[in-house]
Amino acid sequence: LLLSFIVIGANYMYNNGPMFRRGPPPMDLLLPLGYLGLFQFSVWLNQVENLPVQTWVFHVFMALRSQLWGQIIDIRYDSIDRRKTTAIVLGLTKARMLLVFLLLCEAFSASFISDSYVLVFSFLSLMQGLVELVLYPSSAPSMSLAILTG
């Protein structure tokens, strides 16, 4: 029951909270981690074994990198709206560098999960992040390119 309130509260704050959705950095990256509470809620609800630690670690990095990647895609519009996201505070090049670091951590954690699809997905994401860092270090993707790649 407590976890249900935490998950619902995190969801509310993320979608409606005036302070957290627009910053302050890095809260805008950390708040989506509240959705990971759904994993534990599912375990309790279905009365099954807890998830292995490596699964939790993988999903933490996946949530962080997904949020940052979304901020990179939206950086042009977020700056016009004067939002203060982690990507805007760091700048595009440093945000991409942080993204590659998170993707590397995700891929490393995926190597401890015995599912080759997860591993391939993580390494392909890492390769895409590296390509974007090398080819477009300081230019935000257009929305049409973001739709094709994200």
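Above: the structure in question.
Residues numbered from 1 in each chain as written. Predicted model: local features only at pLDDT ≥ 70, side-chain atom pairs only at ≥ 80, totals over all residues. Heavy atoms only, no water.

**Things to note about the overall build of the chain**
Basically, it comes down to this: Note on conventions: DSSP H or I runs of at least 4 residues are helices, E runs of at least 2 residues are strands, and numbering of each starts at the N terminus. Partly exposed residues are those whose accessible area sits between 20% and 50% of the maximum for their type, while under 20% is buried and over 50% is exposed, using a 1.4 Å probe and protein chains only. It only takes one pair of heavy atoms within 4.5 Å for two residues to be counted as in contact. Every accessible area reported is derived by Shrake-Rupley at a probe size of 1.4 Å, with residue values counting cover from the shown protein chains alone.
The helix and strand inventory of the chain stands at nine helices and zero strands. Each helix (α) and strand (β) of the chain, taken in turn from the N terminus, gives the series α-α-α-α-α-α-α-α-α. Taking all 150 residues of the chain together, 35% fall into the buried category. Long-range pairs, those at least 24 residues apart, make up 65% of the contacts in the chain with a sequence separation of at least 6. A total accessible area of about 9200 Å² is found for the chain, and carbon and sulfur atoms account for 69% of it.

**Some points on the packing of aromatic side chains**
So the rule is basically this: Centres within 6.5 Å make a pair out of two Phe, Tyr or Trp rings, where for Trp the six-membered ring is used; the pair is then stacked when the planes are under 30 degrees apart, edge-to-face when over 60, and tilted otherwise.
All told, the structure shown has two aromatic pairs when counted by the stated rule. Plain terms: the ring middles of phenylalanine 39 and tryptophan 56 are 5.7 Å apart, the flat faces sit at 65° to each other, and that makes the pair edge-to-face. One end of the pair, phenylalanine 39, is in helix H3 (residues 37-46); the other, tryptophan 56, is in helix H4 (residues 53-73), and 17 residues separate them in sequence. Relative accessible area serves as the criterion here: at 25%, phenylalanine 39 is assigned to the partly exposed category. Considering the side-chain rings of phenylalanine 108 and phenylalanine 112, the 5.1 Å spacing of their centres and the 80° angle between planes classify their relative orientation as edge-to-face. For phenylalanine 108, a relative accessible area of 56% puts it in the exposed group.

**Quick word on the pattern of salt bridges**
Defined as follows: Between Lys or Arg on one side and Asp or Glu on the other, a salt bridge is scored when a side-chain nitrogen of the former is within 4 Å of a carboxyl oxygen of the latter.
Enumeration over the complete set of coordinates arrives at three salt bridges. Among the salt bridges present, the one from aspartate 78 reaches arginine 83, with a minimum N-O distance of 2.8 Å. Taking the shortest distance from any N to any O, the salt bridge between arginine 96 and glutamate 132 comes out at 2.9 Å. Residue arginine 96 is located in helix H7 (residues 92-110), and its partner glutamate 132 is located in helix H8 (residues 116-135); the two are separated by 36 residues in the primary sequence. Residue arginine 96 is classed as buried on the basis of its relative accessible area of 3%. Residue glutamate 132 is classed as buried on the basis of its relative accessible area of 11%.

**Points about unusual backbone geometry**
Although it is not a glycine, glutamine 47 adopts a positive phi angle of roughly 50°. Take glutamine 47: it is sitting in the loop between H3 and H4. Positioned with a positive phi, arginine 82 is a non-glycine residue whose angle comes to about 60°. By the element assignment, arginine 82 lies in the loop between helix H5 (75-80) and helix H6 (86-90). A residue is classified by how much of its surface remains accessible, and arginine 82, at 77% relative accessible area, is exposed.

**Some points on the side chain of arginine 65**
Following the sequence through the fold, arginine 65 ends up in helix H4. Accessibility expressed as a relative area gives 7% for arginine 65, which makes it buried. Beyond its immediate sequence surroundings of up to four residues, arginine 65 is in contact with Leu99, Leu102, Leu103, Glu106, Phe121 and Ser125.

**Notes on the nonpolar core**
Formally: The definition of a nonpolar core used throughout is a set of buried Ala, Val, Leu, Ile, Met, Phe, Trp, Tyr and Cys residues joined through side-chain atoms within 4.5 Å.
Membership of the largest hydrophobic core comes to 19 residues, with the highest contact counts inside it found for Leu68, Ile72, Ala87 and Leu99. Breaking this core down by element, the ones donating at least two residues are H4 and H7. It is H7 that contributes the most residues to this core, eight residues altogether.

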